[in-house]
Amino acid sequence: MCWKRTAYRGLLSVTLLWLGGVALGQGKHLKGIVQDSHSDERIPFASVTFKNSGVGKLSDSAGNFSFYFNTWPSDTLEVTYVGFENFKIKLDTTQQSIEVLVQLERGRKNTEVIVKSKIGRGLILWRKIVRNKPKNDRAKFDNYSYELYNKLEADLNKVNKEKLARVPGIKSFKFILNNVDTVSEKDPFLPLYLTEAISKYYYQKNPVKRREVFKAVKTIGFENESVAKLLGGMEQNINVYKNFIPVFDKDFVSPISDNGDAYYNFRVPDTQYIGGRRFFHFLFTPKHRGENVFIGDAWIADSSYAVMKMNLQVAVGANLNFIEKLDLVQEYQLINDSVWFLAKDKFVADFVLLGKKIGNFIGRKTTTYRDIVINDSSVTRELNNNRIKEEIIMPPESKTQSEAFWEQSRHEDLSHNEKGIYQMIDTLMSLPRFKQWTNWINFIGTGYMSIGNYDIGPWYNWISGNVYEGPRVRFDLSTNSGFSKKIYFGGYLAYGFTDQKVKGKFETLFMLNKSPRSHLYASYFHDIDHGQAYYDEVASDNIFAWIFTKPNIEYRYIKMERVNFEYFKEWINGLSVSLTASHTQYDPVLNLPTKDEFPADNGGTPLNNFETGIKVRFAYLEKFLQSTFFRISLGSEYPIVELKYAHGFPGVFKSNYKYDKYMVSISDYQKIPPLGSFYYNFYAGRVFGTLPYMLLEMHPGNNYWYYNKYAFNLMTRYEYLSDRYAGINIEHNIGNGIFRLIPLTRFFKFRQFWNMKWVWSDLSQANRDYNHVSDSTFKTLNGKPYLELGTGVDNIFRVFRLDFVWRILPKPLPDKRSERFGIFGSFRLIF
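Note that this is a predicted model, so its numbers are computed, not measured. (Residues numbered from 1 in each chain as written. Predicted model: local features only at pLDDT ≥ 70, side-chain atom pairs only at ≥ 80, totals over all residues. Heavy atoms only, no water.)

A. Up close: the sheet that holds strand β3 (residues 47-50). Pairing is antiparallel across the open sheet formed by four strands, whose spatial order is β4-β3-β6-β7. Strand pairing shows two members of the sheet lacking a second neighbour, β4 (56-58) and β7 (87-89), which therefore form its edges. Strand-to-strand twist across the sheet, computed as the mean angle between neighbouring axes with direction ignored, equals 15 degrees. In terms of strand pairing, β3 meets β4 through three bridges, oriented antiparallel. In the sheet register, Val48 faces β4, and the bridge partner there is Lys57. (Pairing = 2+ DSSP bridges. Helix = DSSP H or I, 4+ residues; strand = E, 2+ residues; numbered from the N terminus. Axes fitted to C-alpha atoms, helices over the stretch in contact; angles between N-to-C directions.)

B. Representation of the packing of aromatic side chains. Using the criterion set out here, one finds 56 aromatic pairs in the structure. Between Phe712 and Tyr786 the ring centres are 5.2 Å apart and the planes differ by 80 degrees, which places this aromatic pair in the edge-to-face class. Pair noted here: Phe712 is in the loop between β37 (697-698) and β38 (721-722) and Tyr786 is in strand β41 (residues 784-796), with a separation of 74 residues, a long-range link. When sorted by exposure, Phe712 lands in the same class as Tyr786, which is buried. Among the aromatic residues, those joined into a ring-pair cluster are Phe141, Tyr144, Tyr146, Tyr201, Tyr203, Phe341 and Tyr369. The ring centre of Phe510 lies 5.7 Å from the NZ or CZ of Lys486, which sits over that ring. Directly above the ring of Phe753 sits Arg801, whose terminal nitrogen or CZ lies 3.8 Å from the centroid. (Phe/Tyr/Trp six-rings, centres within 6.5 Å; stacked < 30°, edge-to-face > 60°. Buried < 20%, exposed > 50% of the residue type's maximum accessible area, 1.4 Å probe, protein only. Lys NZ or Arg CZ within 6 Å of the ring centre and 35° of its normal.)

C. Representation of the nonpolar core in the model. Within the largest apolar cluster, 80 residues are counted, with the highest numbers of intra-cluster contacts made by Leu30, Phe282 and Phe294. Per-element accounting of this core gives the leading share, seven residues, to strand β19 (residues 339-352). (Core = buried A, V, L, I, M, F, W, Y, C linked by side-chain atoms within 4.5 Å.)

D. Inspection of the pattern of salt bridges at higher detail. Under the counting rule described, the total for this entry stands at 42 salt bridges. Glu719 is paired through a salt bridge with Lys779; the nearest N and O atoms lie 2.9 Å apart. Here the residue Glu719 occupies a position in the loop between β37 and β38, and Lys779 occupies one in the loop between α11 (765-770) and β41, the gap between them amounting to 60 residues. Residue Glu719 is classed as buried on the basis of its relative accessible area of 8%. Look at Lys779 and you get partly exposed, because its relative accessible area is 33%. Each of the salt bridges in this network shares a partner with another, and the network as a whole consists of Glu469, Arg472, Arg474, Asp476, Asp499, Lys503, Asp527 and Asp541. (Salt bridge = Lys/Arg side-chain N within 4 Å of Asp/Glu carboxyl O.)

E. View of helix α8 (residues 432-446). Under the 1.5 Å per step criterion, the end-to-end length of α8 is 21 Å for 15 residues, consistent within 8% with the ideal 21 Å. In the stretch just after α8, Gly447 is the one whose phi turns positive, near 100 degrees. (Expected span 1.5 Å × (residues − 1).)

F. Fine view of the pairing of β41. Where strand β40 (residues 751-762) lies against β41, eleven bridges are found, and the strand directions are antiparallel. Bridge pairing links Gln752 to Val793 in β41. Counting the residues that bridge the hairpin from β41 to strand β42 (residues 800-809) gives three residues, and of these Phe797 lies at a positive phi of roughly 55 degrees.

G. How the structure looks around a nonpolar patch on the surface. A contiguous nonpolar surface patch, about 810 Å² in accessible area, is contributed by Tyr454, Phe475, Leu477, Phe483, Phe489, Phe506, Tyr524, Val563 and Phe565. Among the elements of the structure, β25 (470-479) and β29 (557-570) are those that each provide at least two residues to the nonpolar patch. (Patch = residues over 30% accessible without salt bridge, like charges linked within 9 Å, V, L, I, M, F, W, Y side chains within 5 Å. Areas by Shrake-Rupley, 256 points an atom, 1.4 Å probe, with all protein chains shown as cover.)

H. Examining unusual backbone geometry more closely. A cis amide bond links Ser515 to the next residue, Pro516, at an omega of -5 degrees. One can find Pro516 in the loop between β27 (501-514) and β28 (517-528). Not every positive phi belongs to a glycine, and Phe322 is a case in point at roughly 65 degrees. For Asn795, which is not a glycine, the phi torsion comes out positive at approximately 70 degrees. The residue Asn795 is located in strand β41 in this model. Using a relative accessible area of 1% as the deciding quantity, one classes Asn795 as buried.

Pasting the structure below:
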């Protein structure tokens, strides 16, 4: 039999399992467990009392309690714990034996009288913890290693079986409803996915080296090594002794940060003895609303002031998207009777994607540590195998370990629900209907759909338009890994209804090696030049760009026919080299100087060019999300440096131009908590040669009201020419900033930012004359700077951003209002 009860300001549930049967003699037996309702962590030393009679005790260090009676007490059982809401229930005295699971909700309404003082027990203990951090933080060791076991589970929360069964299309998968858990949690949930990983992790302090060797990985339903590597210890970067604790892409202030007293109030309600050792119960709550901080408690060892266990829950009002509740737990174990070292990490998050009533998921990640070795030569010997500072090794056999290996090697057994997930996924993967669903979901989310060995899409490029082509349709087709894991073919055909021309592109890539990466690439392009497209920006050949087109500006278009070849080679240290050769014929078609205005030189034809180039890029320890052929950079902790050189050869395929181009860029993205994050990109270049405008530096402009972080948003395309230039782009995302001080903007979780884009450039007299700059077709900065400054509001309704941009230099003419100021929109999904 199961009882559930709701208490004031939160759900406090209890599950009573009446075990009618043989009792201990004729006596009555009550036993139970006290745990956190969200993280499922046991709560030690909770007060369990029969309120009227005064009979009571504390739960033990594992959260257990037990009572024996000759007759049942007639009053109410009350369970209390500092920082949690009180729980009360009247027992059913008709049973001989009762087993109770008490689930307490954090966030007790404070009715206690607190005497405020400048220095209290909590602040004194906090100072001692901070003072002893250097000797308790595992970073103090010369080296260490351990085996870690990672388990990641995703569940659908608050499941109503009857309503879910009526969802269109679910009939084919009705068997999954048998896995709905309606007993062990306060809300029914449906386990959806489970991954596991076992690895050996090694660390050395000086010089810093890290190494991880996977023993086993279990990811049913997808095989992506770049994702599987994220399941290991190399990304296990939670350390409560650090000043900031990462939560997704945000950094939260640790309660034992060096300046944690500026963010938290501290209390020490009691002390307890565990295994003969004394521990302080250390509580912390936020001082201010709207800051990225936690609420929670910790158990601190006496004398050493080391953390034995810390429970962290993201405070209400923290500026975090799509999260209703999030708990972090870090436990430590005593090694050699003197050192507190990692024992267990736990992460539980309630995701709210579409609203509190639908689209709710629970993510759970549990990590356990064993076979710990500290300051040992065996760790050094293993790290000597590293070719770079950090290395992750995933042997092929780690992906195919037997079930017998998993049964023997797991640090903890799978629960009944967890075993059911694997069986459910195996069944789902064999159903054609499920594959159709996942294909459609992938199509909507990424733009691409797999049909056998081929992919179509992206759908958002299928319909677009511009002033030259008019309405435009396009269809893309490419091969996928089912066709081949070594060679890729792709391309598209497009048609403009105004110019009535067919355009297109064909490309192929041959993968020589995947890690470190090397490939051969070739392409043929015959289309309008839509500018450089970035994976995180909206390209002009796109239905969304068509919607955001700026009115009343002069649009300029060039048609290009280009054949391009590339050889790419990357080394494990992040150094890469690209060798390219391309032949391009340009045909200006709207509002640009045409071929007739340029002479034929060097035995070639106008606007015909052959170029070879080399790009050297160094991105140390850069991480990627990688598919079979393509990848997306997740960035690097270090600056990324690029050097480019290109040379034009006249006479090759009737090429007309001889020149040399040089370019250098340095970019970096860094978190600077508690002040948010900072991005910069410095670049400079020089072009030697007398050339037509398309071969010079065309400062990137933006013809759309959709904000482009790589372009000057108040500049149009083909507006400014240069052959020598230097510039810098800066963006500082502050977080909630001043918005946290205003109740309304704090409620909506608005975020603040500012940015700057500056460039200095000039154009030689020879290139001015060659491109007829004096006739106002093009502009040049004449050795002066161009400057845009911007700020705005980010995180509007969790996805939208508004940018307010001012052009400061050169000062626009009074009648050019659109050049002085603009409001731009964009959208993105971030936590």
